[in-house]
Amino acid sequence: MDTLVFVYGTLKQGFPNFFRNSGRRIGGSYRTQRPYPLYVVQLPNEDRAPWLVDLPGQGQHVVGEVFAVDAALLAAMDAFEEVGLPGGYVRTEIAVQALEAPHTVLQVQAYLKPPAQLVPGQRREGPFAAYTEALAVGYRIDPG
């Protein structure tokens, strides 16, 4: 059984890590039903990383894409997003609505950052309504 995953950053079609996302795209664009803060963060081993922070009701309605992924791909995405590791994302269920059909609401999985990972003095931009190609310029990750 496939899982629906909402991607809002580098796993979107045409973005730097899309090669890691071999899922089947569902429809057009979606946005979070509730506002969330989306930041672009600079870390020691990653520049211009998109973080959707688990603070529902704050920020903006964030635009992204929904993909149906099988269990193997979901496990690979969890590993890439460092689910379960300190500093990693938490995969959680959220609601998104189709931009082209606002009455179409899907319950999906999304990779969110715990609010405690936003530390004072951390370089970040936003919040934004979408991680755009312009925001992705300069994205870099060093797995080291």
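Everything here concerns the structure above.
Now for a look at the structure at hand. Remember, it's a predicted structure, so these values are computed and weren't measured experimentally.

Parameters and conventions
Residues numbered from 1 in each chain as written. Predicted model: local features only at pLDDT ≥ 70, side-chain atom pairs only at ≥ 80, totals over all residues. Heavy atoms only, no water. Helix = DSSP H or I, 4+ residues; strand = E, 2+ residues; numbered from the N terminus. Rg over C-alpha atoms; globule rule 2.2 N^0.38 Å. Buried < 20%, exposed > 50% of the residue type's maximum accessible area, 1.4 Å probe, protein only. Contact = heavy atoms within 4.5 Å. Areas by Shrake-Rupley, 256 points an atom, 1.4 Å probe, with all protein chains shown as cover. Lys, Arg positive; Asp, Glu negative; His and termini not counted. Charge placed at Lys NZ, Arg CZ, Asp CG, Glu CD. Pairing = 2+ DSSP bridges.

Helix and strand counts for the chain stand at two helices and nine strands. If you list the helices and strands of the chain from N to C, you get β-β-β-β-β-α-β-β-β-α-β. The C-alpha atoms of the chain give a radius of gyration of 14 Å, which matches the 15 Å a tight globule of 144 residues would have. Across its three principal axes, the chain shows a C-alpha extent of roughly 40 × 30 × 25 Å. For the chain, the residues scored as buried account for 44% of the 144 residues in total. The contacts of the chain with a sequence gap of at least 6 include a subset with a gap of at least 24, amounting to 71%. For the chain, the computed accessible surface area is about 7300 Å², with 54% contributed by carbon and sulfur atoms. Side-chain charges in the chain split into 12 positive and 14 negative, and the spacing between the mean points of these groups amounts to 5 Å.

Moving on, we get to the sheet that holds strand β3 (residues 38–43). Spatially, the four strands line up as an open sheet ordered β8-β3-β4-β9, and their pairing is antiparallel. Sheet topology places β8 (124–125) and β9 (140–141) at the edges, where each strand pairs with a single neighbour. Sheet analysis places strand β4 (residues 46–52) next to β9, joined by two bridges and oriented antiparallel. The partner of Glu-46 across the bridge, within β9, is Ile-141.

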